[in-house]
Amino acid sequence: MAFASPRRWFTDGFTGLVFSALFLLASISFGRSFFYGAETLVYDASMRQSSREPGNRVAVIAIDDASIDNIGRWPWSRDILAKVINDLAAGGAKVIASTVFVSEPQVDPGLETLAALNAFVDESALAALPADSAAAQDLVTLQAQIQAAVDTLNYDERLVTAIADAGNVVLPMQFTLGRALGQPDGPLPAFVSRNRLPAAPEAPDAGTPPYITSVGVQPPTGQIGEAAAGLGHLTLLTDADGAARFEPLVISHFGDLYPSLSLVIAARSLNLGDGDVRVQPGEGIVAGNLAIRTTPELRMYNNFYPDRGPLPAFQVDSFWDVFTGQITPEKYRDRIVLLGATATGVGDNFVTPVAATTAPVLILAHTVASILNEDFFTRPAWTRTVELGSLALIALYLIVVLPKLGSRVAPLASGIALVAMLVAELALLRTQGIWLQMVVPALFLFGGHVVMTVKRLRVTERMKLSSEADSAESNKMLGLAFQGQGQLDMAFDKFRKCGLSDDMMDVMYNLGLDYERKRQFNKAGAVYEYMAEHNPDYRDLATRLKRSQNLDDTMVFGGATPPGQGSFVLDDGVQKPMLGRYLIEKELGKGAMGVVYLGRDPKINRVVAIKTIPLSDEFDAEELEGAKERFFREAETAGRLNHPDIVTVYDAGEEHDLAYIAMEFLEGDHLTGFTRADNLLPAEQAIELACRMADALAYAHREGVVHRDIKPANIMFNPETNKLKITDFGIARITNSSKTKTGIVLGTPSYMSPEQLAGKNVTGRSDLFSLGVTLYQLLAGQLPFRADSMATLMYKIANEPPTPLSAVRPDLPPSLEKVVSRTLLKDPDERFQSGAELAAALRECVLDVRQSA
């Protein structure tokens, strides 16, 4: 075992002392929230990985969005809650608990009017009518009807009756937390006071227990509170990071102890009353034979049960389903039923260790299950002593022990201690339910070890010595390796470190040729200029230098270039330029977004069509990166499509902001040539092609891909082989807006759907609109919407009906016109909803077309 020298021991020990002082000072002064956040990360991770199960004793009936949609906006009339309580009681629920506060009476305006009417009748001259008269009999009938209406509208009374009849309903009350400075304004109602716990015995170590205290209570209304079987506070407290991890099981209100709603529910489910629940200062709470360990202030760190895949931790049913009888009350026999809101906008949600947003009723479910299953965590008083002692021992280790250890022993010793602390925390959490917070000591040890190791190794000096030790031969080998991988810039950097010699001139010349093949003529010129400093007469160096300078001044990727040269220069210097890994054979044509080339993959000798898009020309600098990301994302999506009538995408890449897509090389031409009135396809053939396109789009839409630019120019067709291919999937989505920097519209307005023109989020039904325009043009030889200006055209597409197909082709059957017209409807919901549906409708028209021919 190697040990440090006395001198290094002293200097390293001093470093450990300084670091320990700074770390402890930082943790006390400004790092408290950060360090506690690190502790909670471990705690939450342990919770999410827990294998504990909540059991099936707790069920939740949620006032969810579906319930709000069907019953009406919140809050509801209390007779609705009363009905569900009646049903649950009849079904044999063990305990019924609600998280809905009923602290104010519900007074219907009609109830007051009817009561006033009854009082008026009693005090009027009508009351003096002879009892045996017909008018007196009518008056009695009227008063009975008024009283029946009063009973119907007295929703609070109906809720009181339901709660009293059930006999097992537990309701929440709300405390206002704070430190009391004097005496209460008055005594609490008797129905609240009867829920207080027995007075706790004095703590053996003297001093008042540090309970959470309240200065105010908001109980249910008098009648409702009197009818309830129990009341408990529903006060959710959160940690410093806003997450709910613990439950204050008891709150002290001017010396009286009141239980939480979860504690009351658990006690009632065990057939225990408030008198059977006792507080044991410094230890926790005892309910019957159940011992609940808590912090000294009676906080219980409850367990949160993670969902198991698609199965939620707790059974959650919709209030609407229970209210309407779709779920029978017998389902909840002998179970604890929690009623509460989960609907959007109804109440606040909270972060928990197992979810980013959790409704209070679900937090209550976790808490009740934790109590009944004894799945709770605590921090006994000794944990703080252990944590502070660990910090002291680590400081001693960094100052005294670590400087003595050699470079091999030190990491092993620190690693063992680090793992032991984290394992101890996780083990105590999992097995004993004790949260010993050891992340801060672990960070202290790790940080101290790193600081002292960096000082010991003198990293900066070693890096400098390593840099100076690079040899020319190693740089040359590295440069050749980079060049073989296509990383020419890194190769050039390594070659320059080797200096120039006759041997290196050959290497540099080949590097210049590689730059030319990749059309990086400015960088090729830089290589040739560097070589000319050593030997300007080397081979044809002067000619290549001049040529690279000329091409650098005139070359524009994918755009305008010198006449006859296209976007690539094909001469004696670079017979076959490359784009990515593809050899460029010739130019096939130019489109709105760039040039299409015939290429070949030399590795597998596959002929491909390469479509180029000069992104740097079409997008501003601040939009370029986003455009690249969208381009490759859409190319990847299109590459997943595998359909006989969709062009196959093999590859996508980028060179100098010139993006390209390598795809299947197709024989034939676009359908544009068959949209002229003098060169139309037979109607039956046009319909057959539209069916194939609709089936292909149906497949793409099922795969989550929307084309966004269906038009004849994006559909290849070979009449000789009857092959049809839809091309350019996803090209229309390489920008967020409808135009690029140079004004090119991504998507052709004549074929766009109204929602696409309006800039709305489009679906596959937009593609079906564009397909309808294409089919119309194949049949009629003209577009369904025509105008003299772009603005007028867009207005017609969005607001006016198309020219009827029968007005252009009266020989076609009405059934076909009906199908085409439906594809061109303004509302997407009124069109065909899928390509398969459209294809089926078109195939039914074929017989009518044959008969009309």
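Residues numbered from 1 in each chain as written. Predicted model: local features only at pLDDT ≥ 70, side-chain atom pairs only at ≥ 80, totals over all residues. Heavy atoms only, no water.

K.L.:
Is there a simple way to think about the overall build of the protein chain in this case?
P.N.:
Scanning the protein chain from N- to C-terminus turns up 30 helices and 26 strands. Burial status across the protein chain gives 48% buried among its 853 residues. Excluding contacts between residues fewer than 6 apart, the proportion of contacts in the protein chain whose partners are at least 24 apart in sequence is 71%. Total accessible area on the protein chain stands at roughly 41100 Å², and carbon and sulfur atoms take up 55% of it. (Helix = DSSP H or I, 4+ residues; strand = E, 2+ residues; numbered from the N terminus. Buried < 20%, exposed > 50% of the residue type's maximum accessible area, 1.4 Å probe, protein only. Contact = heavy atoms within 4.5 Å. Areas by Shrake-Rupley, 256 points an atom, 1.4 Å probe, with all protein chains shown as cover.)

K.L.:
What should I look at first to understand unusual backbone geometry in this one?
P.N.:
What you tend to see is this: most non-glycine residues have negative phi, and most peptide bonds are trans. A cis amide bond links Trp-74 with the next residue in sequence, Pro-75, at an omega value of 0°. Assignment of secondary structure puts Pro-75 in the loop between α3 (65–71) and α4 (78–91). Unlike most non-glycine residues, Phe-254 shows phi in positive territory, near 50°. If you trace the backbone, Phe-254 turns up in the loop between β7 (250–253) and β8 (256–259). Of note in the backbone geometry, Arg-539 takes a positive phi value of approximately 40° without being a glycine.

K.L.:
Is there a simple way to explain the pairing of β8 in this structure?
P.N.:
Regular strands place side chains that alternate from one sheet face to the opposite one. Two elements, β7 and β8, share four bridges in a ladder whose sense is antiparallel. Bridge pairing links Ile-251 to Tyr-258 in β8. The loop that links β7 with its antiparallel partner β8 comprises two residues; one of these, Phe-254, has a positive phi angle of about 50°. (Pairing = 2+ DSSP bridges.)

K.L.:
In this structure, what is going on with the sheet that holds strand β20 (residues 595–601)? I would like to understand it.
P.N.:
Backbone hydrogen bonds hold the strands of a sheet together, and the pairing may be parallel or antiparallel. Pairing is antiparallel across the open sheet formed by six strands, whose spatial order is β18-β19-β20-β21-β23-β22. Unpaired on one side and paired on the other, β18 (578–579) and β22 (649–655) mark the two borders of the sheet. Relative to strand β23 (residues 658–664), β22 runs antiparallel, the two being bridged by six bridges. In the strand pairing of β23, Asp-651 is matched with Ala-662.

K.L.:
Would you mind showing me how to read the pairing of strand β3 (residues 169–177) here?
P.N.:
Examined bridge by bridge, strand β2 (residues 95–98) and β3 share two bridges and lie parallel to one another. The residue bridging Ile-96 from the neighbouring strand is Val-169, located in β3. Two strands pair when backbone bridges link them, and β3 and strand β5 (residues 230–233) are joined in this way by four bridges, in the parallel orientation. Paired with Met-173 across the two strands is His-233, which belongs to β5.

K.L.:
Please explain helix α14 (residues 409–432) as it appears in this structure.
P.N.:
For α14, built from 24 residues, the straight-helix expectation of 34 Å at 1.5 Å per residue is met to within 8% by its first-to-last C-alpha distance of 33 Å. For α14, the set of buried residues is Ala-410, Ser-414, Met-421, Glu-425 and Leu-429. Two residues or fewer after α14 comes Gly-433, characterised by a positive phi angle close to 70°. (Expected span 1.5 Å × (residues − 1).)

K.L.:
Help me understand the side chain of Glu-817, please; the structure alone is not making it clear to me.
P.N.:
Locating Glu-817 in the fold gives a position in helix α29 (residues 814–823). Looking at Glu-817, its side chain comes within polar contact range of the side chain of Ser-806, at 3.1 Å. Discounting residues that sit within four places of it in the chain, Glu-817 has contacts with Pro-804, Leu-805 and Ser-806. (Polar contact = N/O pair within 3.5 Å; in protein donor to acceptor, adjacent residues only side chain to side chain.)

K.L.:
What is the right way to read the pattern of salt bridges from this model?
P.N.:
Applying the stated criterion across every chain, the model contains 31 salt bridges. Among the ionic pairs, Glu-226 bridges to Arg-194, the shortest N-O distance being 3.3 Å. Residue Glu-226 is found in helix α9 (residues 222–227), and its partner Arg-194 is found in the loop between α8 (190–193) and β4 (212–218); the two are separated by 32 residues along the sequence. Looking at Arg-194, the relative accessible area reads 43%, which means it is partly exposed. (Salt bridge = Lys/Arg side-chain N within 4 Å of Asp/Glu carboxyl O.)

K.L.:
So what exactly am I meant to see when it comes to helix α12 (residues 360–373) here?
P.N.:
In an α-helix, one full turn covers 3.6 residues, which means residues spaced three or four apart are oriented alike. For α12, which comprises 14 residues, the first-to-last C-alpha distance of 20 Å matches the rise-based estimate of 20 Å (1.5 Å per residue) to within 8%. Counted residue by residue, α12 has 11 buried out of 14 residues, so it is predominantly covered. Residues Val-361, Ile-363, Leu-364, Ala-365, His-366, Thr-367, Val-368, Ala-369, Ser-370, Ile-371 and Leu-372 constitute the buried set of α12. Two residues or fewer past α12, Glu-374 is found with a positive phi of approximately 60°.

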